[in-house]
Amino acid sequence: MAAASERSPNSRQPRRVPPGRPPRDGYGVYIYPNSFFRYEGEWKGGKKHGHGKLVFKDGSYYEGQFVDGEIMGEGCRLWASSGNTYSGQFVLGEPQGRGIMTYKAGGRYEGELSHGMREGHGCLVDQDGQVYRGAFHSNKRHGRGQMVFLNGDKYDGDWVRDQRQGHGVLCQADGSTYEGQWHSDVFSGLGSMAHCSGVVYRGMWINGHPAGTQATRIVILGPEVMDVAQGSSFSVKVQLQQDDGEVAKSEDGRVLKISAGVRYVQLQAYSEVSFFKVDEDDREMPIQTPFGFDCITYPLSSPKSGGLEPRAALESSRANSPLHEGDLEPALASDALCGQEDPPGGLPGGGCKPCCPEDCQRVERGCAQFMDVRLGPPPPGYHPVLFLGGVHKKAGNSPRSCLGPMRTAPTTQDPPGGSRGMH
């Protein structure tokens, strides 16, 4: 029996020892008096030393290296209560150093730990598949790190206690990018947002929103009325202003369009003005404007391309009622030249910056200028007509009194006219 015990360290057979006493040296099995622990492995001087497996009564266990009775070195640990497992370095029974923690609920952490918590640099994949690589402190993301979110957004910057805080860059899945200050996981402080539509905002942010320096209105500068001959160029300058009238210089990239419209009016008998009649087949739903009248679109031409440029349709302002019978007066005004933001959903390329035709301009520091704008010829179905108050007079009283409201107008060379507009 004694000889067998002496040979057991080499044969790796558990040594039989008197009850209540752990083995002195070699390989053996010991069940602790409280029956909560059971150890099987290598011993030295009556202490666990070398490789062994410590099993807990609840099913948890540690298997790996021991030094002078303590869990120390490389090993693997299972916690039965949580189902989590850890494989890596241990110090005095706790995960410390580098290792891999696998969570039963999903996800894993690979990196540095201290006293069983994530500490230092590592990579955390959560149960949703989101990935964080960077610094940790007290089990939380803390310091510099990069995060890839489930929706495709990517963040690179500072973290404080599991929240984005400090300076960081967020690249969103739609192509929008924010760079600047963060607090409590939202934009806060000085920052710049380049939206996928091309709109850029630079300035202060509070609780995730621009801090009061956004434009609240679009203002067309210049005289109330401009005289414009058909075919001649004119320019329009637009400002994006705040409530106090100051230019919103933080506005960059917003796309504005201008469009011309033929104003629908009921002419009085004594008025004398050029206007259009529209063929029944070419009539379209009138567009409501914020200026108290309806209109239908009229083309603008470009001297650069020599052809007609796309014009804003103002779809959001279309009236629900059909065009009433009556007379049409052409109007191209600061009223009818409506600057409109190009909606992000309508931009080409799914986030790429659109190229701007002549009737579209991108705002720079709150201002945009449209150069070389021209009135195009009337589209098919638009017939210029001259209405004279002299229709109630005798035919001989005026050389043009023979023309009635439904007669052909002189030519399209007569410039369109309209109130508060360009004549």
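What counts as what
Residues numbered from 1 in each chain as written. Predicted model: local features only at pLDDT ≥ 70, side-chain atom pairs only at ≥ 80, totals over all residues. Heavy atoms only, no water. Helix = DSSP H or I, 4+ residues; strand = E, 2+ residues; numbered from the N terminus. Salt bridge = Lys/Arg side-chain N within 4 Å of Asp/Glu carboxyl O. Buried < 20%, exposed > 50% of the residue type's maximum accessible area, 1.4 Å probe, protein only. Pairing = 2+ DSSP bridges. Phe/Tyr/Trp six-rings, centres within 6.5 Å; stacked < 30°, edge-to-face > 60°. Lys NZ or Arg CZ within 6 Å of the ring centre and 35° of its normal.

Enquirer: Would you explain unusual backbone geometry in this entry?
Expert: Keep in mind that most residues, glycine aside, have a negative phi and that most peptide bonds are trans. Positive phi, normally seen in glycine, also occurs at serine 35, with a value near 60°. Along the chain, the position of serine 35 falls in the loop between strand E1 (26–31) and strand E2 (37–44). Unlike most non-glycine residues, arginine 365 shows phi in positive territory, near 50°. Mapped onto the secondary structure, arginine 365 falls in the loop between strand E29 (360–362) and strand E30 (367–375).

Enquirer: Explain the pattern of salt bridges to me, please; I cannot follow it from the model alone.
Expert: Pairing of side chains with opposite charge becomes possible as their charged atoms draw close. Within this structure, the stated rule accounts for 6 salt bridges. Here arginine 108 makes a salt bridge to glutamate 110, at a shortest N to O gap of 3.6 Å. Across the salt bridge formed by aspartate 162 and arginine 141, the nearest N and O atoms sit 2.8 Å from each other. Here arginine 141 lies in strand E11 (residues 140–148) and aspartate 162 lies in the loop between strand E12 (154–160) and strand E13 (163–171), a separation of 21 residues in the sequence. You can call aspartate 162 partly exposed: its relative accessible area is 27%.

Enquirer: Whenever I open this one, the sheet that holds strand E26 (residues 300–301) confuses me. Can you help?
Expert: In a beta sheet, neighbouring strands are held together by backbone hydrogen bonds and run either parallel or antiparallel to one another. Here 4 strands make up an open sheet; going across it, the order is E18-E19-E30-E26 and the pairing antiparallel. Edge positions in the sheet fall to strand E18 (217–220) and E26, since each has one partner strand and no second. Alignment of strand E19 (residues 234–241) against E30, held across 5 bridges, turns out to be antiparallel. In the sheet register, valine 238 faces E30, and the bridge partner there is alanine 368.

Enquirer: What am I meant to see in the packing of aromatic side chains here?
Expert: Two descriptors summarise a pair of aromatic rings, namely the distance from one centre to the other and the angle between the planes of the rings. Applying the stated criterion to the full structure yields 22 aromatic pairs. With 5.8 Å between their ring centres and 75° between their planes, tyrosine 32 and phenylalanine 37 make a pair best called edge-to-face. Geometrically, the ring pair formed by tyrosine 39 and phenylalanine 66 is edge-to-face, given 5.1 Å between the ring centres and 80° between the ring planes. Of this pair, tyrosine 39 sits in strand E2 while phenylalanine 66 sits in strand E4 (residues 61–67), and the two are 27 residues apart along the sequence. Neither residue differs from the other here; tyrosine 39 and phenylalanine 66 are each classed as buried. A connected cluster of aromatic rings, assembled from ring pairs, spans Tyr30, Tyr32, Phe36, Phe37, Tyr39, Trp43, Phe56, Tyr62, Phe66, Tyr86 and Phe90. Of note, arginine 164 hangs over the ring of tyrosine 155, and the distance from its end group to the ring centre comes to 5.5 Å.

Enquirer: How do you make sense of the pairing of E30 when you look at a structure like this?
Expert: The side chains of a regular strand alternate between the sheet's two faces. In this structure, E26 lies alongside E30, joined through 2 bridges in antiparallel fashion. In the strand pairing of E30, leucine 300 is matched with leucine 375.

Enquirer: When you look at the pairing of strand E15 (residues 186–194) in this model, what are you seeing that I'm missing?
Expert: Bridge count between strand E14 (residues 177–183) and E15: 6 bridges; the pairing is antiparallel. Residue glycine 180 lies in a different strand from E15, and its bridge partner there is glycine 191. Following E14, the chain reverses through 2 residues before pairing antiparallel with E15; serine 184 in that reversal takes a positive phi of roughly 55°. As judged from the 6 bridges shared by E15 and strand E16 (residues 200–206), these two strands associate in the antiparallel manner.

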